[in-house]
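Structure at a glance
Here is what each chain is made of, one letter per residue.
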Amino acid sequence: MSLAPPDSLPSTVAPEEYPWLGPSATSALLLADGVVDLEPGADGGADDAGSHQDSAVPAQPAEDQVTPLVDRAAIEQVLAAAGAAPLAERTLVLAVGSNQTPWTIARKYRRSGRDLDVTTPFVRCTVHGLAVGHVPSSAALGYLPAAPYRADGERMELVATWFDEEQLAVVDRTEPNYDRLRLEAADVPLALATGERPAHVDVYASRWGVLARDGVPIPLRHRQQELFDELHALTGDERLIGAAAEICARLAADPEVVRGLAREHGLVADDGLPRP
């Protein structure tokens, strides 16, 4: 394991590079003095955009590992040493976009202005019956954020995060365009890199549905430029022409653009997730 010190966690990001994930999802522990990688072979570094970079992409999904990649007992020991809430007192939340990275969550904690314990475990997981697309609306910085949708037969590698009560309250406030839903294992089976198969997991689901083409959700694009080019082809709108950074700036200045175009051109689908 290696430690990325706090001064390596960037305070700003380039919106056109959302979701800032690096080459793969991985398990890590956010601490007051940096980020510790929990999986063998991870290097603990961060690239210029703040994305987590692995020295070796895991060869198999979390659920296919013969031996668990992450030691739950070791996480509990670190939490206890930090005086932080144990896992049993935390809420497991599945992340589908930039919340998969400790760097994003560290920024959210820092910007909340609250004096809270930042110790947070991030564990890679295999999830079935779910896929990731985009919210049909732009975020404050102009990018189109990720959103989950029901997808029978899909299998994805994502990251689940254990938040304590105060941490979860902070993250909830940063997700005004989402509802936090509870997904039961009977509907969305989940296997953690610890070897556990939890009975349920929470997820942030878009309040506006997901971007779609001909009624079929558009899968997550790992560069906003690709998504903007696709939306321009679907709508012909000149505001979606140009470099991604320029388009993000336009959308940040006029946040209703994408939502209006999505309605006008029928580019919205229901996410198919259960709501109370």
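For the structure given in this document, a descriptive report is provided here. Here the structure is a predicted model, which is why all the values come from computation and not from measurement.

Attention now goes to the packing of helix 2 (residues 102-112) against helix 3 (residues 165-173). In contact at an axis separation of 10 Å, helix 2 and helix 3 are set at 90° when each is read in the N-to-C sense. Comparing the axis directions of helix 2 and helix 3 gives the class roughly perpendicular. Contacts between helix 2 and helix 3 involve Ile105, Lys108, Tyr109 and Ser112 from the former and Gln167, Val170 and Val171 from the latter. By residue class, the composition of the contact of helix 2 with helix 3 is four nonpolar, two polar and one charged.

Attention shifts here to the nonpolar core. Generally speaking, soluble globular proteins have nonpolar side chains that are buried together. Among the nonpolar cores identified, the biggest contains 54 residues, and Leu94, Leu144, Leu190, Leu192, Leu211 and Phe228 are the most heavily contacted of them. Beyond its immediate sequence surroundings of up to four residues, Leu190 is in contact with Leu92, Leu94, Cys125, Thr126, Val127, Glu196, Arg197, Pro198 and Val201. The next biggest cluster of nonpolar side chains, apart from the first, holds 27 residues, and it includes Leu30, Val93, Leu168 and Ala212.

What follows concerns the layout of surface pockets. One number sums up the size of the largest pocket: a volume of about 740 Å³. Contributing to the lining of the largest pocket are 33 residues, with Lys108, Ala139, Tyr143, Thr174 and Glu175 lying nearest its centre. The set of elements that each furnish at least two residues to the lining of the largest pocket consists of strand 6 (91-95), helix 2 and strand 11 (200-206). Of the residues forming the lining of the largest pocket, the biggest block, four residues, is contributed by helix 2. Residues belonging to the lining of the largest pocket are distributed by class as follows: 19 nonpolar, 10 polar and four charged.

Turning our attention to the sheet that holds strand 14 (residues 268-269). Strand pairing in a sheet is mediated by backbone hydrogen bonds. Such pairs are either parallel or antiparallel. The three strands lie next to each other as 13-12-14, forming an open sheet whose pairing is antiparallel. Of all strands in the sheet, those with a lone pairing partner are strand 13 (216-217) and strand 14, marking the two edges. The pairing of strand 12 (residues 210-213) with strand 13 spans two bridges and is antiparallel. Across the sheet, Ala212 pairs through a bridge with Pro217, a residue of strand 13.

How each quantity is defined
- Residues numbered from 1 in each chain as written.
- Predicted model: local features only at pLDDT ≥ 70, side-chain atom pairs only at ≥ 80, totals over all residues.
- Heavy atoms only, no water.
- Axes fitted to C-alpha atoms, helices over the stretch in contact; angles between N-to-C directions.
- Helix = DSSP H or I, 4+ residues; strand = E, 2+ residues; numbered from the N terminus.
- Parallel < 35°, antiparallel > 145°, perpendicular 65-115°, else oblique.
- Contact = heavy atoms within 4.5 Å.
- Nonpolar A, V, L, I, M, F, W, Y, C, P; charged D, E, K, R; others polar.
- Core = buried A, V, L, I, M, F, W, Y, C linked by side-chain atoms within 4.5 Å.
- Buried < 20%, exposed > 50% of the residue type's maximum accessible area, 1.4 Å probe, protein only.
- 1 Å grid on protein atoms, 1.4 Å probe; cavity = no way out; pocket = protein on both sides within 12 Å on 5 of 7 lines; lining within 4 Å.
- Points joined across faces, edges and corners; volume = space filled by probe spheres on them.
- Pairing = 2+ DSSP bridges.

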